[in-house]
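# Fold and geometry: a report
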Amino acid sequence: MLKFKDNKKRILAIDFGASFIKIAHLEAKGDKFVLLSYVLKELNCGQKTSEELGRELKEILQANSITTKEAYLNIYDPERIFIKKFALPQMSKDELFNAIKWQLKGEFTFNPDNDVFDLQVIREYTDSEGAKKIELFCIFAKRELINKYLLAVTFCALSPVKISSSVFNYSPVLDLLSVNSKINAILDIGHTHSNILIYQGSKLSFIRSLNFSTAKLSASLVGSLVTDKGKLEITPEKSRQLIRQYGIVLDESVKLGADIEASQVIPLIRPLLEILAKELERSFDFFKSESTQGSLDVLYVTGGGANLKNLNSYLAQQLKIRVEKLPLPDLIDAKRINAEAFNLDSNQLSGVIGLGLSAAGINLLPPEVKSRKAEMIQKSSLRILAIAVSAVFIFSWFAVNFQIRDYKKRLKIAQLHLQSVEEIKSLKERVDLRENYVNKIHEGRIPPAGLLKLVSAVIPAGIILDEFNFDQPSHIMRLSGVVGLSKESVEKVLTDFMNSLENSKFILDANLVSSKDTQGINTFEIECQLVK
């Protein structure tokens with residue numbers, strides 16, 4: 001089963017056919033393929049030169065606004081592309097190529113040293129004698145044919161990814177169908193050729209060209225018909241119109257227009273249809289005789305001939321199997337496309353869509369082109385790696401520089417902090433030194449403020465101080481004032497005051513120097529010996 005990546009990728013698939021150029025522009029989106037646009041234009045690619053084909057392709061791409069550069073190519077040319085089936089002993093790919101070259105000597109004009117070829121394995125098995133073998137298809141293409149189409153796409157600035165052949169393009173379609181039978185067959189009916197392809201699952205196992213096409217069916221009607229009204233000439237244009245409008249006429253009573261009876265047409269197309277049914281039956285019988293996988297489950301019809309009316313019912317009746325149009329996988333999203341037009345054209349587009357669904361499988365790109373692409377991929381990878389390494393280096397350089405600037409900034413801040421700390425430390429040292437000096441100065445001294453607080457705290461209510469004298473060097477404090485009480489209370493109040501002073505930690509001894517009563521006013525003087 002095909003696997004998809006989640007990323008979007010646009011795919012340009014181009015089928016250079018015998019009568020049409022078909023283009024499918026797809027976008028891989030998740031598990032879906034979105035059909036962005038398609039082109040179906042009548043063009044005989046085989047008759048055009050590389051330059052003419054390149055110009056036609058360029059005009060088509062520009063007209064449809066297709067800018068995708070990677071292109072998957074399909075080439076049809078039965079005269080210069082050959083497919084052959086081989087059964088060989090198991091060996092390496094190089095040995096297989098050498099064995100195939102040896103077997104092809106003289107079979108057709110193929111130059112292994114110049115022409116292009118590739119192989120696709122069908123199966124590996126053990127034969128009746130116990131030998132391990134490998135069954136494979138090998139496809140060969142003339143170098144000048146490949147170069148012609150490479151020049152054409154190069155003219156449009158396209159980069160070819162893959163060159164395939166139409167019979168190998170349906171495997172991805174079968175692989176992605178929701179219902180995939182064990183044995184499937186595809187009848188690809190083109191304008192000039194048809195192929196019957198048989199698959200085991202989605203792996204191609206059988207290829208055969210058939211002598212049937214829409215052009216041959218139309219040509220079988222060209223000529224003169226005798227009618228009741230006389231001789232009627234059917235031109236090529238008229239025959240194509242009849243085939244498009246009526247398809248495979250099975251009922252003889254049907255009238256084709258005003259002048260032609262179905263009974264006159266059926267004998268003309270019946271031989272071609274009988275040959276088709278017989279060749280299909282022979283192909284199925286041969287495959288069944290060679291395969292051990294069982295009988296055929298379904299025949300899918302595709303290509304321009306799949307639109308022929310009544311073809312499926314005719315083949316189902318003749319072959320006794322289920323016949324239906326080859327459906328596109330459900331994961332093909334064609335919502336952007338006009339539904340009516342796409343319904344008519346889808347049968348002709350199934351091959352080119354299948355081409356774009358997978359880059360695997362047959363690839364007829366010349367070895368030197370593959371090696372150039374590999375070198376380009378390698379150079380691109382190295383360029384991307386160099387850019388990535390440079391980006392990492394530049395980012396690292398910026399990161400390191402940012403860290404250096406950050407560390408420098410931090411260091412500067414730290415230095416400022418250190419300088420501030422040093423200044424504070426110096427200031428503290430100076431303050432401490434000053435305090436020491438002050439402490440030394442005040443050492444052994446009684447603080448005046450303390451004495452004032454003491455006196456304020458213990459002085460009785462009846463005493464009013466007139467003078468406070470503090471002699472620090474002599475450790476003497478003198479207090480003088482008035483006692484505003486009766487004569488009988490003066491002595492007691494002064495005694496209590498002096499006792500309170502002596503009880504403090506600052507005063508060692510308090511003595512009453514004098515106490516006088518002058519005209520009813522009691523004055524006093526107390527001298528206190530301070531603690532040293």
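Details of the structure are given in the entry above.
The present account deals with the structure reproduced in this document. Residue positions within a chain follow its written sequence, with the count starting from 1. At least 70 in pLDDT is required for a residue's local features to be given in this predicted model, at least 80 for side-chain atom pairs to be given and counted, and no such filter applies to totals for whole chains, interfaces and linings, which use all residues. The side-chain values count all of the structure's non-hydrogen atoms but skip hydrogen atoms and water molecules.

## Considerations on the packing of aromatic side chains
Note on aromatic contacts: the rings of Phe and Tyr and the six-membered ring of Trp form a pair at centre separations within 6.5 Å, being stacked when their planes are under 30 degrees apart, edge-to-face when over 60 apart, and tilted otherwise. Scanning all chains against the criterion turns up seven aromatic pairs. Ring geometry for Phe16 and Tyr149: centres 4.8 Å apart, planes at 40 degrees, overall tilted. Taken together, the residues Phe16 in strand 1 (residues 9-16) and Tyr149 in helix 3 (residues 143-155) connect sequence positions 133 residues apart. The pair formed by Phe16 and Tyr149 is uniform in burial state, with each residue classed as buried. Between Phe137 and Phe168 the ring centres are 6.3 Å apart and the planes differ by 75 degrees, which places this aromatic pair in the edge-to-face class. Note that Phe137 is positioned in strand 7 (residues 132-141) and Phe168 in the loop between strand 8 (159-164) and helix 4 (171-176), a separation of 31 residues in sequence. Residues Phe137 and Phe168 agree in their burial class; the two are buried. Every member of this aromatic cluster is reached through a ring pair, and the members are Phe97, Phe117 and Phe140. Charges are assigned to positions over rings by a cutoff of 6 Å between ring centre and Lys NZ or Arg CZ, combined with an angular limit of 35 degrees from the ring normal. Sitting over the face of the ring of Phe155, Lys58 holds its NZ or CZ atom 5.6 Å from the ring centroid. A run of H or I in DSSP counts as a helix once it spans at least four residues, and a run of E counts as a strand once it spans at least two, with each numbered from the N terminus. To sort residues, take the accessible area from a 1.4 Å probe on protein chains only and compare it with the maximum for the residue type: under 20% means buried, over 50% means exposed, and anything in between is partly exposed.

## Regarding the pattern of salt bridges
Counted as salt bridges are all cases of a side-chain nitrogen of Lys or Arg within 4 Å of a carboxyl oxygen of Asp or Glu. Counted by the stated rule, this structure contains 18 salt bridges. Taking the shortest distance from any N to any O, the salt bridge between Lys142 and Asp115 comes out at 3.5 Å. One end of the pair, Lys142, is in the loop between strand 7 and helix 3; the other, Asp115, is in the loop between helix 2 (93-103) and strand 6 (116-126), with 27 residues separating them in the sequence. The residues Lys142 and Asp115 share a single accessibility class, namely buried. Of the charged contacts, one joins Arg410 and Asp406 as a salt bridge, the two residues approaching to 3.1 Å between their closest N and O atoms. Here Arg410 pairs with Asp406, and both are found in helix 10 (residues 367-442), just four residues apart, close to one helical turn. Residue classification places Arg410 among the exposed positions, given a relative accessible area of 52%. Where salt bridges share partners, they join Lys85, Arg123 and Glu135 into one cluster.

## Focus on the sheet that holds strand 7
Two strands are said to pair when DSSP picks up at least two bridges between them. Read across the open sheet, the three strands follow the order 5-7-6; overall the sheet is antiparallel. Bordering the open sheet on either side are strand 5 (81-89) and strand 6, each of which pairs with just one other strand. Averaged over all neighbouring strand pairs, the angle between strand axes comes to 20 degrees, with direction disregarded. Summarising the sheet, strand 5 and strand 7 pair through nine bridges and their orientation is antiparallel. By the bridge assignment for strand 7, Leu88 is matched with Ile134. Interaxial angle, 0 to 180 degrees, is taken between N-to-C directions of lines fitted to C-alpha atoms, where a helix line uses only the stretch in contact.

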